[in-house]
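# Close look at the chain arrangement
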Amino acid sequence: MKPSERRRARRLAVQAIYSWQMSGNNVADVEHEFLTEQTVDGVDIPYFRELFVGAATKHAELDQLVIPFLALRPFEDVDPIEKAILRLAAFELSYRKDTPQKVVVNEAIELAKAFGADDSHKFVNGILDKLIKQK
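Here we summarise the structure given alongside this text.

A count of helices and strands for the chain gives 7 helices and 0 strands. Moving toward the C terminus, one meets the helices and strands of the chain in the order α-α-α-α-α-α-α. Against the 2.2 N^0.38 benchmark of 14 Å for 135 residues, the chain shows a C-alpha radius of gyration of 14 Å, consistent with a compact globule. Principal axes of the C-alpha set define a box for the chain whose edges measure 40 × 30 × 30 Å.

Quick look at the structure:
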């Protein structure tokens, strides 16, 4: 599998997690929608599925990994795109031990730069650095 196919899978997974968070739709429906309505050329589809379904179905557990590092900020106040990126990265760090931590963090930072507000990447990087030190 090429790194670019994994990168595209993460990008699509973050969009799907965001969509699922915002719509409240069933995970299977969001997955189907993304696989049929989005361009999936060059996407590692099995990896996309694993990341999206894993992050969505295990979100409560993943949130508990991230919450201690938010300082005084309530999790509900975290920007939805940042929340999606943190859930994706927390899933990958917890369940994909074959993916180097540095890769997970760098990919999350790039996703935050692409989709988040101006300083989202700094916020995401700070949280993930703390999470990795605890693991």
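Per the counting criterion, the structure on display carries 2 aromatic pairs. Aromatic pair Phe 48 and Phe 52: ring centres 6.1 Å apart, planes at 10°, arrangement stacked. Of this pair, Phe 48 and Phe 52 both sit in helix α3 (residues 45–57), 4 residues apart, which is roughly one turn of that helix. By relative accessible area, which is 0% here, Phe 48 ends up buried. Over the face of the ring belonging to Phe 123 we find Arg 73, whose NZ or CZ atom lies 4.4 Å from the ring centre.

One can find Asp 63 in helix α4 (residues 59–66). Residue Asp 63 is classed as buried on the basis of its relative accessible area of 8%.

For side chains of opposite charge, pairing can occur when their charged atoms come near one another. For the structure on display, the rule yields 11 salt bridges. Where Glu 82 meets Arg 73, a salt bridge forms, and the shortest distance between an N and an O atom there is 3.5 Å. Take Arg 73: its relative accessible area is 32%, and that puts it in the partly exposed class. As a salt-bridge pair, Glu 110 and Lys 113 come within 3.8 Å of each other at their nearest N and O atoms. With Glu 110 and Lys 113 both in helix α6 (residues 101–115) and 3 residues apart, this pair spans about one turn of that helix. The class for Glu 110 is partly exposed, based on a relative accessible area of 45%. What makes Lys 113 partly exposed here is its relative accessible area of 47%. One network of salt bridges, with partners in common, ties together Arg 7, Arg 10, Glu 92 and Glu 107.

It is worth spelling out helix α1 (residues 3–23) at this point. Taking 1.5 Å of rise per residue, 21 residues should cover 30 Å, and α1 covers 30 Å from first to last C-alpha, within 8% of that figure. Inspection of α1 places Glu 5, Ala 9, Arg 10, Leu 12, Ala 13, Val 14, Ala 16, Ile 17, Ser 19 and Trp 20 among the buried residues, and these make up the whole buried set. Backbone geometry just downstream of α1 places Gly 24 in the positive-phi region, at approximately 75°.

The rules behind these values
- Residues numbered from 1 in each chain as written.
- Predicted model: local features only at pLDDT ≥ 70, side-chain atom pairs only at ≥ 80, totals over all residues.
- Heavy atoms only, no water.
- Helix = DSSP H or I, 4+ residues; strand = E, 2+ residues; numbered from the N terminus.
- Rg over C-alpha atoms; globule rule 2.2 N^0.38 Å.
- Phe/Tyr/Trp six-rings, centres within 6.5 Å; stacked < 30°, edge-to-face > 60°.
- Buried < 20%, exposed > 50% of the residue type's maximum accessible area, 1.4 Å probe, protein only.
- Lys NZ or Arg CZ within 6 Å of the ring centre and 35° of its normal.
- Salt bridge = Lys/Arg side-chain N within 4 Å of Asp/Glu carboxyl O.
- Expected span 1.5 Å × (residues − 1).

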